[in-house]
Amino acid sequence: MKIRIIIAATCATFVFSMAGPIYAHDSEGQTVTKNFEAAIPNIPGKSLIAVEVDYAPGAASAPHTHAKSAFIYAYVISGAIESKVNDGQTRIYRAGESWSEPPGATHSISRNASKTEPAKLLAVFVLDTNDKVLTTPIK
């Protein structure tokens, strides 16, 4: 019974340590909060991380890249997000729409498409477990 209590306490500590903002990009009006993180049990060396990106009206991310191993699935939870990945078209994605980003992609545009309403994005990363830096601004 003691083992179960220790495991439950460890899991609770892990979950509570993930709540709250993990970092903000170089721009104001954007908050990134880790939502989930776990190793993928049947794919050694790979992990899944999900983050929520909250954009204030008119807020934008600086142009950036993600971890070299990261495959990313992005889903707009609310509002509208304007995005451009690599040499693709600039596009506005609305709530319920999604896109993906291949490993090594350059994300030159990522911003709230509205100057008056907030927007929220869920980004799910599948990446090498040892890749700890999810986003790197392009200088």
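Residues numbered from 1 in each chain as written. Predicted model: local features only at pLDDT ≥ 70, side-chain atom pairs only at ≥ 80, totals over all residues. Heavy atoms only, no water.

Undergrad: How should the pairing of strand 5 (residues 71-78) be read in this particular structure?
TA: Pairing analysis gives seven bridges linking strand 5 to strand 10 (residues 119-128), with the strands arranged antiparallel. Residue pairing for strand 10: Tyr75 is matched across the bridge by Leu122. Pairing analysis gives four bridges linking strand 5 to strand 8 (residues 98-101), with the strands arranged antiparallel. Residue pairing across strands places Ile72 opposite Glu101, the latter belonging to strand 8. (Pairing = 2+ DSSP bridges. Helix = DSSP H or I, 4+ residues; strand = E, 2+ residues; numbered from the N terminus.)

Undergrad: For this particular structure, what's the right way to read the pairing of strand 9 (residues 106-112)?
TA: Looking along a regular strand, one sees side chains alternate from face to face of the sheet. The sheet contact formed by strand 4 (residues 64-66) and strand 9 spans two bridges and is antiparallel. Of the residues in strand 9, the one forming a bridge with Thr65 is Thr106. With five bridges joining them, strand 6 (residues 80-85) and strand 9 adopt antiparallel strand pairing. For Val85, the partnering residue across the bridge sits in strand 9 and is His107.

Undergrad: Please explain a nonpolar patch on the surface as it appears in this structure.
TA: A grouping of Phe71, Tyr73, Tyr75, Ile77 and Val126 is seen on the molecular surface, where their side chains present a nonpolar patch of about 400 Å² in accessible area. Considering each element in turn, the nonpolar patch owes the most residues, four residues, to strand 5. One can find Phe71 in strand 5. Given a relative accessible area of 40%, Phe71 falls into the partly exposed group. (Patch = residues over 30% accessible without salt bridge, like charges linked within 9 Å, V, L, I, M, F, W, Y side chains within 5 Å. Areas by Shrake-Rupley, 256 points an atom, 1.4 Å probe, with all protein chains shown as cover. Salt bridge = Lys/Arg side-chain N within 4 Å of Asp/Glu carboxyl O. Buried < 20%, exposed > 50% of the residue type's maximum accessible area, 1.4 Å probe, protein only.)

Undergrad: Looking at this structure, I do not really get the pattern of salt bridges. What am I missing?
TA: A side chain of one charge can pair with a side chain of the opposite charge when the charged atoms of the two come close. This model, assessed by the stated rule, comprises six salt bridges. One salt bridge in this structure joins Glu37 and Lys34, with 2.8 Å as the shortest N-O distance. The exposure class assigned to Glu37 is partly exposed, which follows from its relative accessible area of 23%. Note that Arg91 is salt-bridged to Glu97, the shortest N-O span being 3.5 Å. Given the relative accessible area of 30%, Glu97 is considered partly exposed.

Undergrad: Could you clarify how one ought to interpret the sheet that holds strand 7 (residues 91-94) in this entry?
TA: Picture the strands of a sheet paired through backbone hydrogen bonds; they go either parallel or antiparallel. Read across the sheet, five strands follow the order 7-6-9-4-11 without closing on themselves; strand pairing throughout is antiparallel. Strands with a single pairing partner mark the edges of an open sheet, and in this sheet they are strand 7 and strand 11 (135-137). The sheet shows a mean angle of 35° between the axes of neighbouring strands, direction not considered. (Axes fitted to C-alpha atoms, helices over the stretch in contact; angles between N-to-C directions.)

Undergrad: What am I meant to see in the packing of aromatic side chains here?
TA: A ring pair, where both rings are aromatic, is described by two values, the distance of the centres and the angle of the planes. For the structure on display, the rule yields one aromatic pair. Taken together, a centroid distance of 4.3 Å and an interplanar angle of 35° make the contact between Tyr93 and Trp99 tilted. Trp99 carries the same exposure label as Tyr93, and that label is buried. (Phe/Tyr/Trp six-rings, centres within 6.5 Å; stacked < 30°, edge-to-face > 60°.)

Undergrad: What is the right way to look at unusual backbone geometry in this model?
TA: Keep in mind that most residues, glycine aside, have a negative phi and that most peptide bonds are trans. A positive phi angle, near 50°, is found at Asn86, a position not held by glycine. The topology assignment puts Asn86 in the loop between strand 6 and strand 7.

Function-wise, these values are silent; they only describe arrangement.
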